Amino acid sequence: MSKYITCLFLIGFTSICWGQIGEQQKLEERKAQIQAQIKENEKLLQNVKTQEKSVLNVIGIKDQKIRLKENLINTTENQTKLLGNDIYKNQIKINELNRELDKLKADYAEMILKSYKSRSEQSRAMFLLSSKNFLQAYKRLQYMKQYSSYRKMQGDEIIAKASELDAYNQKLSNQKEEKHKLIKENETEKLTLEQEKQEQEKLINSIKKDKKKIAGEIKKQQQETKAIEREIDKLIREAIAIANKKAAAASAKANPRKVVTAAETKATESTTKIVLTAEGKIESDNFKANKGKLPWPVEKGFVSQKFGDQPHPLISSLMVHNSGVEITTDQGANARAVFAGEVTQVQVVSPVKKAVIIKHGDFFTVYQNLGKVYVREGDKVSIKQSIGQIRTSGDTGKTVMKFNILQNTSYINPALWLFNM
């Protein structure tokens with residue numbers, strides 16, 4: 001019974017360990033991703049500083065770098081906590097192994113002592129010869145053999161336990177060293193974060209006198225953004241209307257005698273909601289099933305502006321709205337489709353600015369600020385297919401793509417849909 005309980009304990013302990021290793025690996029991957037984003041950020045910051053275009057741009061990139069540093073520190077702290085839990089569990093295991101080893105050694109010592117006292121061949125012979133009959137002599141001989149075998153087994157078990165104990169002690173030593181390294185790493189990151197914040201504060205203070213001018217620039221940018229979004233809304237409504245007309249025509253052709261109700265007619269004329277065909281429902285369900293697992297719309301980069309309403313980094317009283325996410329990437333980078341679908345629109349915002357809209361059932365993904373477009377309306381695209389090159393601003397030197405997700409005409413937070421955002 002005790003062996004059964006021990007087995008259950010070991011299975012449970014092993015499962016927990018595997019779970020901790022998996023979690024530790026995830027944190028390590030997340031940390032590597034954040035560090036890569038920080039490097040990209042530093043490169044962009046250096047480019048902007050070299051061009052000396054705008055203090056506002058430097059502040060914006062520095063603000064993102066500060067957030068990335070904070071995420072890195074939090075990730076490392078989580079790693080340290082997880083490692084601390086592992087160290088605690090391994091120490092418990094070491095204590096248990098020490099107790100088991102002490103007991104095995106004590107039992108073995110007692111066995112050796114008894115064996116020593118009856119070590120002579122004469123004693124063994126007398127033990128056999130004093131048997132009352134042949135059967136008893138045979139049983140005594142078997143007992144002596146089993147006793148010798150048990151001694152050997154006990155010795156082997158002691159060696160195995162000692163080896164296991166050495167392995168756990170080595171593992172514990174490595175984990176303590178790793179924890180110390182993570183703590184030192186975090187201390188260094190906290191110092192650099194503090195320096196970044198001080199530099200940011202100096203930059204903000206240096207342009208506070210131009211607050212009115214800055215507010216005017218921000219308001220102008222927001223107005224331009226809203227104008228683009230109105231045009232995108234119009235294009236999506238057109239795409240919905242076209243899709244619904246196609247669906248109605250296909251249904252009428254398949255069922256020529258079917259009487260169309262007023263409600264069905266109204267649904268097909270809707271410009272705010274797609275009437276899904278059987279194929280469209282499959283596309284929509286597939287897209288929905290991949291929530292949180294979609295690839296990024298760029299190969300590499302970092303989120304320079306999040307979704308929703310948020311205070312501006314310079315003027316906290318001024319709220320800015322973002323209907324998607326803005327991702328800063330390298331010059332010459334391509335936008336790529338996050339899921340298979342059909343290109344419904346290629347929007348020309350200006351001679352140098354374009355946007356691509358892709359339909360996935362009743363979901364739409366929008367890729368803005370493209371300088372070149374590689375697809376046309378009606379094209380079927382596959383996941384991760386390059387659809388255009390992202391434009392690099394001549395004023396700021398930044399390569400930023402705005403990415404939106406909508407279900408019908410409702411904007412959704414892309415961070416909830418993209419993997420590891």
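Throughout this document, residue positions are counted from 1 along each chain, in the order its sequence is written. The predicted nature of this model means local features are confined to residues of pLDDT at least 70 and side-chain atom pairs, given and counted, to a pLDDT of 80 or more, with totals for whole chains, interfaces and linings taken over all residues. Water and hydrogen atoms were dropped before computing side-chain values, which therefore reflect all heavy atoms in the structure.

(A) Highlighting the overall build of the protein chain. Counting from the N terminus, the helices are the DSSP runs of H or I reaching at least four residues and the strands are the DSSP runs of E reaching at least two. Looking only at helices and strands, the protein chain features seven helices and twelve strands. Burial classes follow relative accessibility: with a 1.4 Å probe on protein chains only, a residue under 20% of its type's maximum area counts as buried, one over 50% as exposed, and anything between as partly exposed. Every one of the 421 residues in the protein chain was classed for burial, and the buried ones make up 37%. Every residue pair with non-hydrogen atoms within 4.5 Å of one another is taken to be in contact. Intrachain contacts of the protein chain at a sequence separation of at least 6 include 74% that bridge at least 24 residues. With the model as given, the accessible surface of the protein chain reaches about 25,100 Å², and the carbon-plus-sulfur share is 55%. The Shrake-Rupley method, run with a 1.4 Å probe sphere, supplies the accessible areas, and residue values consider only the shown protein chains as cover.

(B) Structural detail: the pattern of salt bridges. When a carboxyl oxygen of Asp or Glu is within 4 Å of a side-chain nitrogen of Lys or Arg, the pair counts as a salt bridge. All chains considered together, the criterion is met by four salt bridges. With a closest N to O distance of 3.0 Å, aspartate 285 and lysine 281 form a salt bridge. Of this pair, aspartate 285 and lysine 281 both sit in helix H7 (residues 278-289), four residues apart, roughly one helical turn. Residue class for aspartate 285 comes out partly exposed when judged on its relative accessible area of 34%.

(C) Examining the confidence of the model for the protein chain more closely. When pLDDT is averaged along the protein chain, the result is 76; 67% of the residues meet or exceed 70. Note on residues 13-18: pLDDT is under 50 here. Beyond four places in sequence and across chains, it has five contacts. Confidence scores labelled pLDDT are given residue by residue by the predictor and lie between 0 and 100.

(D) Up close: the nonpolar core. Here the nonpolar core consists of buried residues drawn from Ala, Val, Leu, Ile, Met, Phe, Trp, Tyr and Cys, with membership extended through side-chain atoms lying within 4.5 Å. Judged by nonpolar contacts, the single largest core of 27 residues is most densely connected at Ile358, Tyr367, Ile387, Met401 and Phe403. Only strand E4 (325-329), strand E7 (353-360), strand E8 (363-373), strand E10 (386-390) and strand E11 (399-407) provide two or more residues apiece to this core. When neighbours within four sequence positions are excluded, tyrosine 367 is seen to be in contact with Pro297, Arg336, Ala337, Val338, Lys354, Ala355, Val356, Ile358, Ile387, Met401, Lys402 and Phe403. By size, the runner-up hydrophobic cluster in this structure holds twelve residues, among which are Ile228, Ile232, Ala239 and Ile357.

(E) Looking closely at the environment of glutamine 200. Mapped onto the elements of the fold, glutamine 200 is located in helix H4 (residues 134-206). The sequence separation of glutamine 200 and aspartate 63 amounts to 137 residues, and the corresponding C-alpha distance is 7.5 Å.

(F) Highlighting unusual backbone geometry. For lysine 384, which is not glycine, the phi dihedral falls at a positive 70°. Of note in this structure, asparagine 408 is not a glycine but carries a positive phi near 55°. Note on placement: asparagine 408 falls in the loop between E11 and strand E12 (410-412).

(G) Structural detail: the pairing of E4. With respect to burial, E4 is a largely interior element, four of its five residues being buried. If DSSP finds at least two bridges between two strands, the strands pair. The sheet contact formed by strand E1 (residues 302-305) and E4 spans three bridges and is antiparallel. Opposite valine 303, over in E4, you have isoleucine 327 as the bridge partner. Where E4 lies against E11, five bridges are found, and the strand directions are antiparallel. What sits directly across from threonine 328, in E11, is valine 400.

(H) Seen up close, the packing of aromatic side chains. Note on aromatic pairs: the rings of Phe, Tyr and Trp (six-membered ring only in Trp) are paired at centre separations within 6.5 Å, and the planes decide the class, stacked below 30 degrees, edge-to-face beyond 60, tilted for the rest. Applying the stated criterion to the full structure yields five aromatic pairs. Geometrically, the ring pair formed by tyrosine 367 and phenylalanine 403 is tilted, given 5.3 Å between the ring centres and 55° between the ring planes. In this pair, tyrosine 367 is assigned in strand E8 and phenylalanine 403 in strand E11, connecting sequence segments 36 residues apart. Each of the two residues, tyrosine 367 as well as phenylalanine 403, counts as buried. An aromatic cluster is defined as three or more aromatic residues linked by ring pairs; in this entry it consists of Phe287, Phe339, Phe363 and Trp417.

(I) Inspection of the pairing of strand E3 (residues 319-322) at higher detail. Side chains Val320 and Asn322 of E3 all project onto a buried face; the interleaved residues Met319 and His321 project onto a face where none is buried. Sheet topology note: the strand E2 (residues 308-311)/E3 ladder contains four bridges and is antiparallel. The partner of glutamine 310 across the bridge, within E3, is valine 320.

(J) Up close: H7. When the terminal C-alpha atoms of H7 are compared, their 16 Å separation across twelve residues agrees well with the 16 Å that a helix rising 1.5 Å per residue should span. Among the residues of H7, those classed as buried are Gly280, Ser284 and Phe287. Burial along H7 is one-sided: seen end-on, the buried residues are contained in an arc of 60°. Relative to its buried face, H7 has exposed residues pointing more than 90 degrees away, namely Ala278, Glu279, Ile282 and Ala289. The elements touched by buried residues of H7 are E7, E8 and E11. A helix is expected to reach a length of 1.5 Å times the quantity of its residues less one. By definition, the arc is the one covered by directions from the helix axis to the C-beta atoms.

(K) Inspection of the environment of phenylalanine 302 at higher detail. You can see phenylalanine 302 is positioned in strand E1. In this structure the C-alpha to C-alpha distance between phenylalanine 302 and glutamate 326, which are 24 residues apart in sequence, comes to 8.4 Å.

(L) Local environment of the side chain of threonine 365. The residue threonine 365 is located in strand E8 in this model. Distance and chemistry together define a polar contact, namely a pair of N or O atoms within 3.5 Å, with one atom able to donate a hydrogen and the other to accept it when in protein, and with adjacent residues in sequence counting only for side-chain atoms on both sides. Of note is the side chain of threonine 365, whose polar atom sits 2.8 Å from the side chain of histidine 360. Excluding residues that lie within four positions of it along the chain, threonine 365 makes contacts with Phe287, Val338, Val356, Ile357, Ile358, His360, Phe403, Asn404 and Ile405.

(M) Representation of the environment of valine 375. Within the secondary structure layout, valine 375 lies in the loop between E8 and strand E9 (380-381). Judged by its relative accessible area of 6%, valine 375 falls in the buried class. Once the C-alpha coordinates of valine 375 and glutamine 345 are considered, the two residues, 30 residues apart in sequence, prove to be 9.7 Å apart. Every residue in contact with valine 375, bar those within four places of it in the chain, is listed here: Val343, Val346, Val356, Val381, Gln385 and Ile387.

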